[in-house]
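Summary of structural features
Here is how the chains run, residue by residue.
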Amino acid sequence: MKKIKFKKVLATGTVLAAGIALTACSGAKQNGGGSNKKSSASVALITDTAGVDDHSFNQSGWEGMVAYGKSQGLKRGTNGYQYFASSSASDFTPNINQAVAAGYKTIFGVGYSLKGAIASAAKKHTDKNFVIIDDVIKGQKNVASANFKSQDASYMAGVVAARTTKTNVVGFIGGVHGDIVDLFDAGFAKGVQDTAKKMGKKITILNQYVGSFTAADKEKSIAKAMFAKKADVIFHASGSAGQGLFSEAKSVNEGLAANSSKKVWVIGVDSDQSNLGKYKSKDGKKSNLCLTSVMTGVNVAVKDIATKAAKGKFPGGKQLVYGLKNNGVYLTRGYVADSIWKQAQTARSQILAGKISVPSHPSK
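So, a few notes on the structure that sits alongside this text.

Residue position: Thr47 is located in the loop between strand 1 (43–46) and helix 2 (57–72). In this structure Thr47 touches Val52, Asn58, Tyr83, Phe84, Ala85, Ser86, Phe92, Val110 and Leu114, once residues within four positions along its chain are discounted.

With that settled, the discussion passes to helix 7 (residues 216–228). Relative to the 18 Å expected for 13 residues at 1.5 Å per residue, helix 7 spans 18 Å between its end C-alpha atoms, a close match to the ideal helical length. Taken residue by residue, helix 7 has Glu219, Ile222, Ala223, Met226 and Phe227 as its buried positions. Looking straight down helix 7, one finds that the buried residues subtend no more than 135° of arc, so they occupy a single side. Helix 7 presents Asp217, Lys224 and Ala228 as exposed residues on the side facing more than 90 degrees away from its buried surface. One or two steps after helix 7, the chain reaches Lys230, where phi turns positive at roughly 85°.

Let's shift gears to the pairing of strand 1. The alternating pattern of strand 1 places Val43 and Leu45 and Ala44 and Ile46 on opposite faces, both of which are buried. When strand 1 meets strand 2 (residues 81–84), the two strands line up parallel, connected through 4 bridges. Directly across from Leu45, in strand 2, lies its bridge partner Tyr83. With helix 2 bridging strand 1 and its parallel neighbour strand 2, the resulting β-α-β unit is right-handed. Judged from the 4 bridges that link them, strand 1 and strand 3 (residues 106–110) form a sheet pairing that is parallel. Bridging from a neighbouring strand, Ile46 pairs with Gly109 of strand 3.

The next thing to look at is the pattern of salt bridges. Here the structure, examined in full by the defined rule, presents 6 salt bridges. Salt-bridge contacts for Lys190 lead to Asp194; the nearest nitrogen and oxygen are separated by 3.3 Å. Linking Lys190 with Asp194, this pair stays in helix 6 (residues 179–199), spanning 4 residues, or about one helical turn. When its relative accessible area of 28% is taken as the criterion, Lys190 is described as partly exposed. Across the pair Asp304 and Lys308 runs a salt bridge, and its minimum N-O distance is 2.7 Å. With Asp304 and Lys308 both in helix 9 (residues 298–310) and 4 residues apart, this pair spans about one turn of that helix. By relative accessible area, Asp304 is classed as buried at 8%. Judged by relative accessible area, which is 24%, Lys308 ranks as partly exposed.

A few words now on the sheet that holds strand 12 (residues 290–296). Working definition: the strands of a sheet are paired by backbone hydrogen bonds and lie parallel or antiparallel to each other. With mixed pairing, the 6 strands of this open sheet are ordered in space as 7-6-8-9-12-14. Looking at which strands have only one partner, the edges of the open sheet turn out to be strand 7 (204–209) and strand 14 (329–331). Across the sheet, the mean angle separating the axes of adjacent strands is 15° when strand polarity is ignored. Two strands pair when backbone bridges link them, and strand 9 (residues 265–270) and strand 12 are joined in this way by 5 bridges, in the parallel orientation. Counted as the bridge partner of Val269 is Val294 from strand 12. Helix-sheet contacts for helix 6 involve strand 6 (169–174), strand 7, strand 8 (233–237), strand 9 and strand 12, and the interaxial angle to strand 6 is about 170°.

Rules used throughout
- Residues numbered from 1 in each chain as written.
- Predicted model: local features only at pLDDT ≥ 70, side-chain atom pairs only at ≥ 80, totals over all residues.
- Heavy atoms only, no water.
- Helix = DSSP H or I, 4+ residues; strand = E, 2+ residues; numbered from the N terminus.
- Contact = heavy atoms within 4.5 Å.
- Expected span 1.5 Å × (residues − 1).
- Buried < 20%, exposed > 50% of the residue type's maximum accessible area, 1.4 Å probe, protein only.
- Arc of directions from axis to C-beta.
- Pairing = 2+ DSSP bridges.
- Right-handed = clockwise from strand over helix to strand, strands pointing away.
- Salt bridge = Lys/Arg side-chain N within 4 Å of Asp/Glu carboxyl O.
- Axes fitted to C-alpha atoms, helices over the stretch in contact; angles between N-to-C directions.

None of this, on its own, says anything about what the molecule does.
What follows is the structure in structure tokens.
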């Protein structure tokens, strides 16, 4: 939650299905077919506890790694690219150690929860390159830090939500309080507030945190309460816990006709979550409730940094920030109405021009 001219890489389940068989786990075997000769270009990704197919940060990072491997003519496995999935925080260090022992040159830790493990490993293995995604490790020349201006894309999501809502009540569900989720929270709230002011409307923002990035059941309960309070657009920044929000939104919409004015919407996060938004309406029509997704270009950052490392230009000791300008963060087109999409793009241009200043922390 998280990115030079970049080419947009959409995060879709299709890419994962085509590019990998999701069989790796903590203690992944180094197979994957074929021999790779470019050991100096080899890369490994250590997931956080949500898993590689989390429809979020880890999935996006892995897709970036697959794209990188393809661009370099590498295969999955030793001297190529691989991921190591963590079931708990206790897996972080063993997974990193396994990646080091297998000879991977550049090792990515996905998410701020791996900061300590990456920093420690980098001190022990100074001949390796390490990357922390979504946090900063200072003072270590073999560590690069990648972060994202997620508040800017979240502002755009706020514009979309404010112009889409019919009830004038929208919601935000966060995972765990912290600087990273603050970006999404603050940007969304500012976007809603600024847009409401322009429209001469009062829009209520419901705001609640799960206290976890994996507790989907708890998020489902929070979403149910928000929908009961008339929220009809809810944005989440809560990792895989967000699947609870999608589940509850489906429960609401499956009891309605496809074109019902009471339809509720979800704004996804980190990767294109439209796959989670598919449902069948009461009148038997296929529909989708994922209005748009705030994309965090973990895939963009992983491919960019891995490519730099392969060229012998690993940005060790540097803090890289990916934003709107390089598609490090952006909105998917989704199901946003044409007129509203234009308003969101106008906001994007104004942010890039410095005409809109987006806060990185919510107002108290």
